[in-house]
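What follows is the residue order along each chain.
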Amino acid sequence: MAFKNAYVKSVYEDLVKKNEGQKEFLQAAQEILESLELIVEKRPEIEREHILERFVEPERLIQFRVAWLDDNNVVRVNRGYRVQYNSAIGPYKGGLRFHPSVNQSILKFLGLEQVLKNSLTTLPMGGGKGGSDFDPKGKSDKEVMRFCQAFMTELYRHIGADTDVPAGDIGVGGREVAYMFGQYKRLRNEFTGVLTGKGLSFGGSLARTQATGYGLCYFTQEALKTLKNDSFKGKTVAVSGAGNVATYAIEKAQSLGAKVVTCSDSNGWIYDPEGIDVALLKEVKEVKRARLTEYAAARKSAQYFEKKNGEHGVWQYKVDIALPCATQNELNLEDAKMLVKNGVIAVCEGANMPTELEAAHYLIDNGIIYGPGKASNAGGVATSGLEMCQNSARLSWTFEEVDSKLEAIMKNIFHNAHNTAVKYGVRENDLLTGANIAGFEKVCDAMLAQGVF
Ligand code: NDP
């Protein structure tokens, strides 16, 4: 760890003491605080008003019991959470994750990232995150419904269209959002835009499903154009994951003229040198909710590999662009070295914090375009913001309207991060520093203006 500024160092050291063992949270905080040293040096009021101490501490962290009945009428108990991180620039906004690994550390890392991400979209949204250690895998539809209803039966008292607006994340897609929305509506007896990612028949926005993956490609395309005078056309791409973000990143990258040769799930990965067949992928993952082995079984050109520890997985192939779209810490320093050796020119994140910090530094140091998730995957929450606008106005926009607003937002986020990197005198491909400072500045100004809270 290499903090140069004594104030920033002391904020981080205090955080380590108070959050022992919270590995993912401390990793995210370290990455952000390292970047903010430059702005702290320029703006003494940040230290004087103790902005960083307040910025890294969530405004509220709610933990609750979720008891539900499985199909055998046996009582099951999970833990639910909502981290309301920062409301300086708008109502808390951020997804819900249902995955057995969910704990305070993971949700606080995601919440802190979300504060900066939402600021970068330029829409008025504060940051939050939530979820449960519930595992939707292997559960029947009715079990998922009963869990979602039980989860919302506690969460509803903490959220609202002008207070906190959750959405999906890992393990929470359209089905789960719909069950939670239905329960909120019953409990409150009101129909408001309290969740985003809703179905189209009850207030959802066109293009929300595609938004994170498409937005990632719009961001990457703009970065390639600006920094390398290049594009997706004719490029070979590695994608990890096979969920919502991965599927629509593959679809958009291929429509922009690239060939995507990999995807993965938590059991293994696919190498398909002919290019991933997106229609088949959707059939396997979205319709059948099946594993990638079914994709391989249905497609001659595809090879399936079981995941083993220490292997490079999807990062071992010779590709021009890598888009990690599965989960945190899925691309380490060795993977980064392998990608660089094989001639990668851009690594842009669809997932949150998929690249370990030393791997991110390695990529930046080697002149690779590195798109940090808080900037490159902000298309999902940006479109959620657009869904909130449509709900408030009781209107719905066409797919093309939403998609073109999304594209404009993603291009703007790239230029904001890039211009900030240039302004602060770091490498122009250091979009990590650029995004952290650009996102922070607006939140910081709002916090300063609103007095001590
Ligand atoms: P999904 O649940 O739709 O898909 C997640 C994918 O990642 C699945 O293929 C899953 O495989 C895989 N995965 C999950 N956990 C692990 C793990 N521990 N090891 C290996 N693979 C894993 O989630 P999303 O696509 O929505 O989210 C993916 C990432 O994108 C997350 O980091 C999320 O925070 C981020 N993100 C999502 C946004 C959205 O709009 N949905 C917005 C911005 C960021 P398996 O099926 O085997 O579990």
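In short, a report on the structure. None of the values given here were measured: they were computed from a predicted structure.

Here is what the cut-offs are and how they apply
Each chain carries its own residue numbering, running from 1 in the written order of its sequence. With the structure being a predicted model, the display of local features is reserved for residues of pLDDT at least 70 and the display and counting of side-chain atom pairs for 80 or more, all residues being used for whole-chain, interface and lining totals. Note that the side-chain values use all heavy atoms of the structure and ignore hydrogens as well as water. Inter-axis angles, ranging from 0 to 180 degrees, are taken between N-to-C directions of lines fitted to C-alpha atoms, where helices are fitted over the stretch in contact. In this text, helices come from DSSP runs of H or I with a minimum length of four residues, and strands from runs of E with a minimum of two, each type numbered from the N-terminal end. When describing relative orientation, an angle under 35 degrees is termed roughly parallel and one over 145 degrees roughly antiparallel, while 65 to 115 degrees is termed roughly perpendicular and anything else oblique. The sense of a crossing depends on the near helix, which, turned anticlockwise from the far helix by less than a right angle, makes the crossing left-handed and, turned clockwise, makes it right-handed. By definition in these notes, contact holds between two residues if any of their heavy atoms fall within 4.5 Å. Ten residues, namely Ala, Val, Leu, Ile, Met, Phe, Trp, Tyr, Cys and Pro, are considered nonpolar, four, namely Asp, Glu, Lys and Arg, are considered charged, and the remaining ones, Gly among them, are considered polar. Salt bridge, as applied in this entry: a Lys or Arg side-chain nitrogen positioned within 4 Å of an Asp or Glu carboxyl oxygen. Throughout, exposure labels follow a simple rule: accessible area from a 1.4 Å probe, protein chains only, divided by the maximum for the residue type, with under 20% read as buried, over 50% as exposed, and the rest as partly exposed. What is meant by a nonpolar core is a set of buried Ala, Val, Leu, Ile, Met, Phe, Trp, Tyr and Cys residues, joined one to another through side-chain atoms within 4.5 Å. Here the limits of each domain have been adopted from an automatic or database domain assignment.

1. Concerning the packing of helix α6 (residues 141-155) against helix α7 (residues 174-188)
Relative orientation of the contacting elements α6 and α7 amounts to 45 degrees, with a least axis distance of 8 Å. As the angle between them shows, α6 and α7 are arranged oblique. Crossing hand, α6 versus α7: right-handed. Mapping the contact onto sequence places D141, V144, M145, C148, Q149, F151, M152 and T153 in α6 and R175, E176, Y179, M180, Q183, Y184, R186 and L187 in α7. Grouping the constituent residues of the contact of α6 with α7 by class yields nine nonpolar, three polar and four charged.

2. Structural notes on the pattern of salt bridges
Enumeration over the complete set of coordinates arrives at 26 salt bridges. A salt bridge links K282 to E251; the nearest nitrogen and oxygen atoms lie 2.6 Å apart. Of this pair, K282 sits in helix α10 (residues 278-287) while E251 sits in helix α9 (residues 244-255); the two residues are 31 residues apart in sequence, bridging distant segments of the chain. K282 gets classed as partly exposed once you look at its relative accessible area, which sits at 22%. The network of salt bridges with common partners includes R43, E45, E441 and D445.

3. Notes on the environment of Y184
Take Y184: it is sitting in helix α7. Residues Y184 and L155 lie 29 residues apart in sequence; the distance between their C-alpha atoms is 8.7 Å.

4. Things to note about the nonpolar core
Judged by nonpolar contacts, the single largest core of 57 residues is most densely connected at Y295 and L323. Element by element, the count of residues in this core is highest for helix α8 (residues 208-228), at nine residues. No fewer than three residues from each of domain 2 (58-190) and domain 3 (211-376) sit in this core. Setting aside anything within four residues of it in sequence, one finds L323 in contact with L216, C217, T220, V237, A238, V239, S240, W315 and C348. Core analysis: the second largest hydrophobic core is formed by 41 residues, L15, V40, L112 and V443 among them.

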